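# Reading the structure
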Amino acid sequence: MPQEQHDQNVLDINNLHTGFLIDGELHHAVVDVNLSVKPKEVVCVVGESGCGKSVMSLSIMNLLPKINSKISKGEIIFNGEDLTQKTDEEMNKVRGKDISMIFQEPMTALNPVFTVGSQLQEVLFNHTDMSKQEARERGIDLLKQVGIPRPEKIIDEYPHQLSGGMRQRIMIAISIALNPKLLIADEPTTALDVTVQAQILELMKAIQEKEDMAIMLITHDLGVVAEMADKVIVMYAGKIVETANVVDLFTEPKHPYTKSMISSIPRMDEQKNKLNTIDGIVPSLKNMPHVGCRFADRCPKAFDDCTKITPQLAKVSDDHEARCLLYDACYPDTSSIEKEEVNQ
Amino acid sequence: MEPATKTSSANAPRKPKFDSTWTIARKKFMKRKLAMVSLGFLIFIITVSFLAPYITDTDVTRINMSEINKEPSSEHWFGTDRNGRDVFVRTLYGGRVSLTIGLLSMVSVTLIGSIIGSIAGYYGGWVDNLLMRFTDFILTLPFYVFVIVLNAILIGFDRVAGMWSLIIVFSLLGWGGVARIVRSKILAEKENEYVLAASSIGSRPSKVIMKHLFPNVMTTVIVQATLLLATYIVAEAGLSFIGVGVPPDTPSWGNMLMEARQTDVLQDKPWIWVPPAVCITLTILSINFVGEGLKDALDPKTTK
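Residues numbered from 1 in each chain as written. Chains lettered and ligands numbered in written order. Predicted model: local features only at pLDDT ≥ 70, side-chain atom pairs only at ≥ 80, totals over all residues.

By the naming in an unreviewed UniProt entry, chain B goes by Peptide/nickel transport system permease protein and is assigned to Lentibacillus halodurans. As recorded by UniProt, the Subcellular location (unreviewed entry) comment attached to chain B reads in full: "Cell membrane". Turning to chain B, the UniProt record has this under Sequence similarities (unreviewed entry): "Belongs to the binding-protein-dependent transport system permease family." (UniProt positions renumbered as here; feature names shortened; annotations may be inferred.)

Going by the annotation in an unreviewed UniProt entry, the name recorded for chain A is Peptide/nickel transport system ATP-binding protein, with Lentibacillus halodurans given as the source organism. The Sequence similarities (unreviewed entry) comment attached to chain A in UniProt states, word for word, "Belongs to the ABC transporter superfamily." On record in UniProt, under Subcellular location (unreviewed entry), the comment for chain A is "Cell membrane".

The following block contains the structure:
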């Protein structure tokens, strides 16, 4: 076993850099991500589209296309083992068993030509040597667990006969089939309507408490965050810009990006003609600024230093980290400035 | 079991309430009369050809100089050719050769094309580039010229007899089209999240391709395969007709047509060349109708 602190965490990501090859050049979509997930913890990763949330989650599973992407630096420690060092063959033993994943689109995440049962059984056959009959019984059992009515019928049906909510329940059933230690849910409710969304979140929460697993929930919906999270990680343009527990994040957001996001949520108790938005979009990988804060040109509070000095993630109060030059702690100590720049 | 029973217990046999894609396709296909009739004819002609040794005990290669160019009679149903060989028997055996060439070439071409196309489409990047440039290379070769040359070379080695050399040559040169189609289908299909989802539960790439991707492109491949069957039967006939296909000692429909190159046979002795010609025409037509039917039946957009 490596360091002691790793023993208690389900997942430790240290200094992760993941990039894509564009025209032969490596552009990083995830830069210097450090995070840890404790057992039974729900960690939410938020940020708008293109922030590197999904890339990060796929890096953990090592599922990014090998041909044009690369984890160039850092380590992902799961169960005391560095997942970035594992071969595909070794990763296949982890995927679906110790870490599993739920995807955004329940409509396309199930193969249209196979019955629900055969897709449920696939994960069981991949990792155990159950007989067909056992796998079927376990499948029905799982469907019951995720609240599917008439499971012994549904197991023989095809995905197209089921509603989006049902399909997402089935995805959850597949992902919890082998009691994984970590469940990565990549925007699991984005494609569902609001009432179904609430049901699915409730279900995930219930299963999480019962099965003692940790969840890493990736979302851009702060409502979901408020509902589910213990800890929140805000990402912007591939970097973590703020980490806090859920209460602190909503009561005292530190980073201007987080503040803008929170103020963009429509509120029932306010009369407004226009919704707050954050002007501009996330810079594309090719146009990412090399120096300075990546949020600078969209930031309402930006000042001179913001485009010249790259802020670092630092503690701004107890259990609350941010990456913004408004806080003195985030100024890089002079010795590490050059190193930071060279690294990028 | 009576259809009225509504009980559904957990240990009841698997009895899906709804039809699978294949059942739906089968039902749709069965509604197409022309396709069904064609399928019936194809099954008939394939059965008759392959059961030839059981239908007649006449030796197909026997030359009988005392009975040359005889008109159809009760003894020789389709008459005899200018070497005194029974045309009916030769048509049966010829069908066996022609259909074997067509079917085996189709199977191997589809197989090679599917494997290469799937790998190229799934892995992408340099693998795709390499395989597809190779495919392009194969497709640039002038098909018939190479078939004739390779066939001549293969027949030159005495080991590969008769129709087998033609099957090998067709297989080596024909898979380019299928590979391209399968690749483009896989490219579109692999964007679906179920592919990522399958990898995320620990399925190997080979399993993802075989179990998840391929069944979703299978419909296209099946339709393509039926058309290939027709292509290779025609190609065999054409090549044999000009004398560069199946060696003359092996009867095939194409070989038999070769007789019609003589003007007197063409004009005065239709019984020698009409039977194989009719067989080829009807077979190709049927294959095309069946292919058309399959195309409609497997297309999810058609409802009837």
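Having seen the model, we can carry on.
## Some points on the overall build of chain B
Counting its regular elements, chain B contains 13 helices and zero strands. Walking chain B from its N terminus toward its C terminus, one meets helices and strands in the order α-α-α-α-α-α-α-α-α-α-α-α-α. A burial count over chain B gives 39% of its 304 residues as buried. Within chain B, contacts between residues separated by at least 24 positions form 68% of all contacts whose residues are at least 6 apart in sequence. (Helix = DSSP H or I, 4+ residues; strand = E, 2+ residues; numbered from the N terminus. Buried ≥ 20, exposed ≤ 12 C-beta atoms within 10 Å, placed from the backbone. Contact = placed C-beta atoms within 7 Å.)

## Some points on the interface of chain B and chain A
The partner chain A presents 32 residues to the 25 residues of chain B that form the contact. Broken down by secondary-structure element, the contributors of at least two residues to the side of chain B that touches chain A are α9 (193–200) and α10 (205–241) of chain B. Top element by residues in the side of chain B that touches chain A is α9 of chain B. It accounts for six residues. Grouping the amino acids of the side of chain B that touches chain A by side-chain chemistry returns nine nonpolar, 12 polar and four charged. (Nonpolar A, V, L, I, M, F, W, Y, C, P; charged D, E, K, R; others polar.)

## Considerations on the nonpolar core
All names here are of chain A. In terms of nonpolar packing, the biggest core is built from 151 residues, with Cys44, Ala173 and Leu182 touching the most fellow members. Each of domain 1 (38–70 + 88–98 + 182–335) and domain 2 (106–179) contributes no fewer than three residues to this core. Every residue in contact with Cys44, bar those within four places of it in the chain, is listed here: Leu217, Thr219, Val225, Met228, Ala229, Val232 and Ile233. (Core = buried A, V, L, I, M, F, W, Y, C linked by C-beta atoms within 7 Å. Domains from an automatic or database assignment.)

## What about the packing of helix α1 (residues 21–30) of chain B against helix α13 (residues 270–298) of chain B?
Residues and elements named next belong to chain B. Between α1 and α13, the least distance of the axes is 8 Å, while the angle of their chain directions is 135°. Comparing the axis directions of α1 and α13 gives the class oblique. Classified by chirality, the crossing of α13 by α1 is right-handed. Seen from α1, the contacting residues are Ala25, Lys28 and Phe29; seen from α13, they are Gly293, Leu294, Asp296, Ala297 and Leu298. (Axes fitted to C-alpha atoms, helices over the stretch in contact; angles between N-to-C directions. Parallel < 35°, antiparallel > 145°, perpendicular 65-115°, else oblique. Left-handed = near helix turned anticlockwise from the far one by under 90°.)

## Things to note about unusual backbone geometry
All names here are of chain A. The residue Asn15 is not glycine, and still its phi comes out positive at about 50°. Along the polypeptide, Asn15 turns up in strand β1 (residues 11–22). Residues other than glycine seldom take positive phi values, yet Asp23 does so here, at roughly 50°. Here Asp23 shows up in the loop between β1 and β2 (25–37). According to the C-beta neighbour criterion, Asp23 is exposed, with 6 such atoms within 10 Å.

## Quick word on the UniProt feature "domain: ABC transporter" (unreviewed entry) in chain A
When the UniProt feature table is mapped onto this chain numbering, "domain: ABC transporter" (unreviewed entry) sits at residues 11–262 of chain A. Here residues 11–262 of chain A is 40% helix and 28% strand, with 28 Å between the C-alpha atoms at its ends.

## What about the sheet that holds strand β8 (residues 214–219) of chain A?
All names here are of chain A. Judged by pairing direction, the sheet is mixed, and its eight strands sit side by side in the order β6-β7-β8-β3-β9-β10-β12-β11 without closing on themselves. Bordering the open sheet on either side are β6 (99–102) and β11 (314–317), each of which pairs with just one other strand. Pairs of neighbouring strands in the sheet enclose a mean axial angle of 25°, with direction left out of account. The sheet contact formed by strand β3 (residues 42–46) and β8 spans five bridges and is parallel. Bridging from a neighbouring strand, Val42 pairs with Ile215 of β8. Sitting on the sheet, helix α8 (residues 164–176) touches β6 and β7 (182–186), and the angle it makes with β6 is about 175°. (Pairing = 2+ DSSP bridges.)

## Notes on the domain arrangement of chain A
Residue and element names in this part refer to chain A. By domain assignment, chain A separates into domain 1 (38–70 + 88–98 + 182–335) and domain 2 (106–179). On a C-alpha basis, the centroid separation for the pair domain 1 and domain 2 is 30 Å. Facing the 13 residues of domain 1 at the interface are 16 residues of domain 2. Top contributing element to the side of domain 1 that touches domain 2 by residue count: helix α9 (residues 194–211), with seven residues. When the residues that make up the side of domain 1 that touches domain 2 are grouped by side-chain class, the tally is nine nonpolar, two polar and two charged.

## Overview of helix α4 (residues 87–123) of chain B
Given 3.6 residues to a turn, an α-helix orients residues that are three or four positions apart in the same direction. Residues and elements named next belong to chain B. With 37 residues, α4 extends 53 Å between its outermost C-alpha atoms, agreeing within 8% with the 54 Å of an ideal straight helix rising 1.5 Å per residue. Most of α4 sits inside the fold, with 27 of its 37 residues counted as buried. Positive backbone phi, approximately 65°, marks Gly124, located one or two places after α4. (Expected span 1.5 Å × (residues − 1).)

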